[in-house]
Amino acid sequence: MSEWLDRFLSLRHLSTQAGDVAFEFARPVPGWAWALILLGAAFLAGWSYSRLLGPRAARAWLAGVRAATLSLVALLLAGPQLSRPNERVEKDWVVFLVDRSESLSVRDAPTGTTRNEQLIDAFDRARAGLEGLGTERHTLYLGFDAGTFDLRGAMPPDAESLGEAMGTRTRLGAGLEQALRRVAARPVAGVVVLSDGRSADAIPRGVLRQLESRQIPVFGVALGSAQGLADLSLAEVDAPRAAFLDDIVPVNVRLDTLGPEGVPAPGARLELIDSGTGRVIDSRRVEPGEAREQRLTLTGKPAGAGPTNWLVRIMTDTPDLSARNNEQAIAFETADRPIRVLHFDGYPRWEYRYLKNLFLRERSISSASLLLHPQRRYIQEGTRTLDSLPRTPAQWSENDVIVLGDLRPDLFSDDQLRQMRDLVAQRGAGILWIGGPGATPGAWRPTPLADLLPFTLTHNSGGGVGPDAYLEPVTIRPAPAAARLGVMQLGDSAQDPWPSVLSTPEAGWPLLRWAQRIETGTLKPTAETLALAVGSSASAPTPLVLTMRYGAGRVVYVGTDEIWRYRYARGETLSERFWIPLVRLLARDSLGRSGRAAIAEIQPERATPDQQVRVVVRLLDQQLIERRPASIRVTVTRDDEVAADRTGSDEFELVLQAEAGGDGSAPGTYAGTFIAPRPGVYRVTSADPILAGVDLDARLEVIVADDEMRIPQTDHATLAQIAQATGGRMLQPEELGTLGATLPNRELRLLGAPDIETLWDKPLAFVLLMLLLTLEWAGRRLIKLS
């Protein structure tokens, strides 16, 4: 019937069969008005035929036809039409932010799996529910670490589409901000964050205000352990750049316990490993629950000459939170050549005799020991012979360590004293001071070498210059810095580096009958105490063995000449263990510069991206120094051979530096700045013809300050705070499949212009009007009124 009516009304767009199609008027007329219209039409039609001649019934019939015609005209003028409302429903959106940072590789999930495996399992369990959610709402799956990106592959994600979590840092605040931009001006039912909560940035206030104003709740799905676990981390490893064969090389390690306060670190064993053979060179036990920051020193001897590669690693008693920060490689060059020592003293005291003989016996030392006389005469002994005292920088550079005993500085010329100072400052040589009751150190106050003493020379109680002497015998006690530098280890094993008997005055033989009382207040800012003098009185111990960096080299000051007394107990063993490591310590810096035309330094050696670092190149060859130009060019490249980018080029200029207080004619030292744009290991190489073939060998490590794995603990509290602030809540990974029942309904119903099909202009309206007019005309003809 309805289909026939659609055809009868000639409908093109709408159908009377549709339930949402309604009949209405374009110009609606109230019901009472329609009643008046019908009454008016009937009255007008009846009045128009009331005075005409003709049969009464015929006139009444014609009046009814006219009334119908007038009523039809009024109906058509009201605009009859069919109308269907045009309503559109816009589905709301659900945004999934999935953490893809490297911290998801940490194995601390409740089931004993990694956080990434926990995430994959959560998606697998919730797949049916999330697929159903995708049919009811729009779903957007985004991965995030430092920024957001679309996840590719099957959705909801599976193990293949998620892949490995590789992001080096997490920025949850930036992830939320970018996700909101993706769904701007769209109805959002909620944002689901699947993360361990670790983030390098805070949530911007603007993002929180936008979530609140748009009424978008955030639902957090926390991954990993809800309790903060402790992680033992290798925070810093420091080792010399070069060493001698048979040298005891110290490797200084700083261990950090990462995690909440009060959570003890696991027990572990700290090991020094030979990377080539896997042999454990040294190890230290780290007990559970020790200090949050620990500094330990491992020592070892290189197995052979040439490049030496070691590995420092932590072996925890229980699985560690992150294995990435448990290892660090170190590399240095081992030289198989003797240490070149030049030994001066003013008279044949016992310490000179024993030290001279020690140098003669030690195969790793090539020495020349000289007793100097005021008339420039000298007595020479040793494994090498000098024709004369060094008088030029080149002659001084043939030595790694200079030992200055108790002698007067006027035995040397001013030029020789300055050359010794420059030898330490520029070429990295070392000076070993051995104090005495005569000239050292007081007589050296007005000389250029006074700068190389680790303490300030003041007047003593006797009116002279320099420290007072103890009025009683003293014993030696090592200071913490000694272990870090690998000296003062006179024991038979690394576990017992200092025999307790050496600090026991009752034994008698360890007592030093003469020592200088160096007051702590006179120490220079960079001086470090290696050993203390302990008297029998109640006075506090004072520094006895000191070290200080000076320029490229190092100095050591020993405030006693009584170490030879240790031979009364064990022959030469204890004396050798006292002096040889000190000599080796001083020689290491010169080893890195020996025989090289130029060296490069980067300060600091470890930086963060976009941090400015200083690159310094020092010319060591006299021919290069004489030819020095106003500037040189160097290249900084990454180890993976990707050129670093500095203003579009990896080459930049270093400018010749003026010597402090000089006239600009300084020995060839060049400096400039460099900015590393991204993480990696960078090296300085020559790009200037004057340095052709010179291996500069400077290394810069650029690390991300907020590296994801440096602090891998979870931060579920951050997720909970965001959820609470936005009206959301925390979900367990098992609840992900029931997310649809938790989300609010944010779909929109949009009303557009209704679909209209008019009826007044249809053929049926015209036919009805013509039919009524024809009937009236025919009726009037029949009763002869027309």
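Residues numbered from 1 in each chain as written. Predicted model: local features only at pLDDT ≥ 70, side-chain atom pairs only at ≥ 80, totals over all residues. Heavy atoms only, no water.

1. Things to note about the overall build of the chain
Point 1. Secondary structure assignment for the chain yields 18 helices and 36 strands.
Point 2. Across its three principal directions, the C-alpha atoms of the chain cover 170 × 60 × 50 Å.
Point 3. Taking all 786 residues of the chain together, the buried fraction comes to 47%.
Point 4. For the chain, the exposed surface amounts to about 37,200 Å²; the carbon and sulfur share of it is 52%. (Helix = DSSP H or I, 4+ residues; strand = E, 2+ residues; numbered from the N terminus. Buried < 20%, exposed > 50% of the residue type's maximum accessible area, 1.4 Å probe, protein only. Areas by Shrake-Rupley, 256 points an atom, 1.4 Å probe, with all protein chains shown as cover.)

2. Some remarks on the environment of Ala-63
Point 1. Relative to the elements of secondary structure, Ala-63 occurs in helix α3 (residues 56-77).
Point 2. Spatially, the C-alpha atoms of Ala-63 and Glu-776 are 8.5 Å apart, while their sequence positions differ by 713 residues.
Point 3. Setting aside anything within four residues of it in sequence, one finds Ala-63 in contact with Ala-45, Gly-46 and Tyr-49. (Contact = heavy atoms within 4.5 Å.)

3. Let's talk about the sheet that holds strand β13 (residues 293-300)
Point 1. Overall, antiparallel pairing links the three strands, which are arranged β8-β10-β13 in an open sheet. Sheet topology places β8 (231-238) and β13 at the edges, where each strand pairs with a single neighbour. Pairs of neighbouring strands in the sheet enclose a mean axial angle of 30°, with direction left out of account.
Point 2. In this structure, β8 lies alongside strand β10 (residues 249-258), joined through seven bridges in antiparallel fashion. When the sheet's bridge partners are listed, Ser-233 is paired in β10 with Asp-256. (Pairing = 2+ DSSP bridges. Axes fitted to C-alpha atoms, helices over the stretch in contact; angles between N-to-C directions.)

4. A short note on the pattern of salt bridges
Point 1. A complete count under the given rule lists 39 salt bridges for this structure.
Point 2. As a salt-bridge pair, Glu-293 and Arg-295 come within 3.6 Å of each other at their nearest N and O atoms.
Point 3. Among the residues examined, Glu-293 registers a relative accessible area of 44% and is labelled partly exposed.
Point 4. A salt bridge links Glu-528 to Arg-484; the shortest N-O distance between them is 1.9 Å. (Salt bridge = Lys/Arg side-chain N within 4 Å of Asp/Glu carboxyl O.)

5. Observations regarding the sheet that holds strand β29 (residues 612-619)
Point 1. In space, the eight strands of this open sheet follow the order β27-β29-β32-β31-β30-β33-β34-β28, with mixed pairing throughout. For this open sheet the edge positions go to β27 (598-603) and β28 (606-607), each flanked by a neighbour on one side alone.
Point 2. Sheet analysis places strand β33 (residues 680-686) next to strand β34 (residues 698-702), joined by five bridges and oriented antiparallel. The partner of Val-681 across the bridge, within β34, is Glu-701.

6. What to know about the packing of helix α7 (residues 172-182) against helix α8 (residues 205-213)
Point 1. Where α7 meets α8, the axes come as close as 10 Å, and the angle between the chain directions of the two elements is 45°. In terms of orientation, α7 lies oblique with respect to α8. Of the two possible hands of crossing, α7 and α8 adopt the one that is left-handed. Counting all contacts with α7, which are made through Gly-173, Leu-176, Glu-177 and Leu-180, the residues of α8 involved are Val-207, Gln-210 and Leu-211. (Parallel < 35°, antiparallel > 145°, perpendicular 65-115°, else oblique. Left-handed = near helix turned anticlockwise from the far one by under 90°.)

7. Let's talk about unusual backbone geometry
Point 1. For the bond running from Thr-440 to Pro-441, omega is 15°, close enough to zero to count as cis.
Point 2. Along the polypeptide, Pro-441 turns up in the loop between β20 (430-434) and β21 (468-469).
Point 3. Each neighbour pair has its own omega, and for Gln-603 with Pro-604 the value is -5°, a cis peptide bond.
Point 4. Of note, Pro-604 is situated in the loop between β27 and β28.
Point 5. Although it is not a glycine, Asp-246 adopts a positive phi angle of roughly 70°.
Point 6. Tracing the sequence through the fold places Asp-246 in the loop between β9 (242-244) and β10.
Point 7. With a phi close to 60°, Met-488 is a non-glycine residue in the positive phi region.
Point 8. Mapped onto the elements of the fold, Met-488 is located in the loop between α12 (480-485) and β23 (516-517).

8. Here's the deal with the packing of α3 against helix α18 (residues 763-782)
Point 1. The N-to-C vectors of α3 and α18 enclose an angle of 160°; their axes lie 9 Å apart at closest approach. As far as their axial angle goes, α18 and α3 are roughly antiparallel. Pair α3 / α18 crosses with left-handed handedness. Contacts from Trp-61, Leu-62, Val-65, Arg-66, Ala-68, Thr-69, Leu-72, Val-73 and Leu-76 of α3 reach α18 at Ala-765, Leu-768, Leu-769, Leu-772, Leu-773, Leu-775, Glu-776, Gly-779 and Arg-780.
Point 2. Residues that form the contact of α3 with α18 fall into these classes: 13 nonpolar, two polar and three charged. (Nonpolar A, V, L, I, M, F, W, Y, C, P; charged D, E, K, R; others polar.)

9. Notes on α3
Structural remark: α-helix, 3.6 residues per turn; residues separated by three or four positions point the same way.
Point 1. Taking 1.5 Å of rise per residue, the 22 residues of α3 would be expected to cover 32 Å, and the 31 Å separating its terminal C-alpha atoms lies within 8% of that figure.
Point 2. Here the buried face of α3 lies against α2 (31-50), β2 (80-90) and α18. (Expected span 1.5 Å × (residues − 1).)

10. Concerning the environment of Leu-624
Point 1. With respect to the helices and strands, Leu-624 occurs in helix α15 (residues 622-627).
Point 2. Those residues within four positions of Leu-624 in sequence are excluded, and the remaining contacts are Ala-597, Leu-619, Ile-690 and Leu-691.

11. Some thoughts on the nonpolar core
One broad trend across soluble globular proteins is that nonpolar side chains are buried collectively.
Point 1. Ranked by internal contacts, the top residues of the largest apolar core, which has 45 residues, are Phe-578 and Trp-579.
Point 2. Sort the elements by how many residues they give to this core and helix α14 (residues 573-591) lands first, with 10 residues.
Point 3. The contacts of Phe-578, once residues within four sequence positions are left out, are Ile-476, Met-488, Leu-490, Val-545, Val-558 and Ile-563.
Point 4. In this structure, Leu-404, Leu-411, Leu-423 and Val-555 belong to the second largest nonpolar core, which totals 31 residues. (Core = buried A, V, L, I, M, F, W, Y, C linked by side-chain atoms within 4.5 Å.)

12. Quick look at the packing of aromatic side chains
Ring pairs (aromatic) are described by centroid distance and by the angle formed between their planes.
Point 1. Evaluated as defined, the whole model comprises 15 aromatic pairs.
Point 2. With centroids separated by 5.2 Å and ring planes inclined at 75°, the aromatic side chains of Phe-344 and Phe-412 adopt a geometry described as edge-to-face. Here the residue Phe-344 occupies a position in strand β16 (residues 339-345), and Phe-412 occupies one in the loop between β19 (401-404) and α11 (414-427), the gap between them amounting to 68 residues.
Point 3. An aromatic cluster of three or more residues is present, and its members are Trp-350, Tyr-354, Trp-564 and Tyr-568.
Point 4. It is Arg-353 that lies over the ring of Trp-350; its NZ or CZ is 4.9 Å from the centre.
Point 5. Above the ring of Tyr-470, the side-chain terminus of Arg-517 is found at 4.1 Å from the ring centroid. (Phe/Tyr/Trp six-rings, centres within 6.5 Å; stacked < 30°, edge-to-face > 60°. Lys NZ or Arg CZ within 6 Å of the ring centre and 35° of its normal.)

13. Looking at helix α4 (residues 115-125)
Point 1. Every buried residue belonging to α4 is among Arg-115, Asn-116, Gln-118, Leu-119, Ile-120, Ala-122 and Phe-123, and all of these are buried.
Point 2. If you follow the buried residues of α4, they end up packed against β3 (93-99), α5 (127-136), β4 (138-144), α6 (159-162), β6 (188-195) and β7 (218-222).

14. Observations regarding a nonpolar patch on the surface
Point 1. Taken together, the side chains of Phe-43, Leu-44, Trp-47 and Leu-70 present a nonpolar region at the surface, about 430 Å² in accessible area.
Point 2. Element by element, the count of residues in the nonpolar patch is highest for α2, at three residues.
Point 3. Relative to the helices and strands, Trp-47 resides in helix α2.
Point 4. Classification of Trp-47 by relative accessible area gives partly exposed; the value is 48%. (Patch = residues over 30% accessible without salt bridge, like charges linked within 9 Å, V, L, I, M, F, W, Y side chains within 5 Å.)

15. Quick word on the confidence of the model for the chain
Point 1. The predicted model of the chain has a mean per-residue pLDDT of 85, with 93% of residues at 70 or higher.
Point 2. Counting interchain partners and residues more than four positions distant, the pLDDT-below-50 stretch residues 642-649 has 15 contacts.
Point 3. Confidence drops under pLDDT 50 across residues 660-666; counting only partners more than four residues distant or on other chains, this segment forms seven contacts. (pLDDT = per-residue confidence, 0-100.)

16. Points about the pairing of β7
Point 1. A large share of β7 lies buried, amounting to five of its five residues.
Point 2. Side chains Val-218, Gly-220 and Ala-222 of β7 all project onto a buried face; the interleaved residues Phe-219 and Val-221 project onto the opposite face, where all are buried too.
Point 3. In this sheet, β7 lies alongside β6 in parallel orientation, the contact comprising five bridges. The residue bridging Val-191 from the neighbouring strand is Val-218, located in β7.

17. Some words on the side chain of Ser-366
Point 1. Examined against the element boundaries, Ser-366 turns out to sit in strand β17 (residues 365-372).
Point 2. Apart from residues no more than four positions distant in its own chain, Ser-366 is found in contact with Pro-338, Ile-339, Arg-340, Val-341, Thr-383 and Arg-384.

18. Let's talk about the environment of Leu-386
Point 1. Within the element layout of this structure, Leu-386 appears in the loop between β18 (378-382) and α10 (393-396).
Point 2. Classification of Leu-386 by relative accessible area gives buried; the value is 14%.
Point 3. In this structure the C-alpha to C-alpha distance between Leu-386 and Ala-368, which are 18 residues apart in sequence, comes to 7.4 Å.

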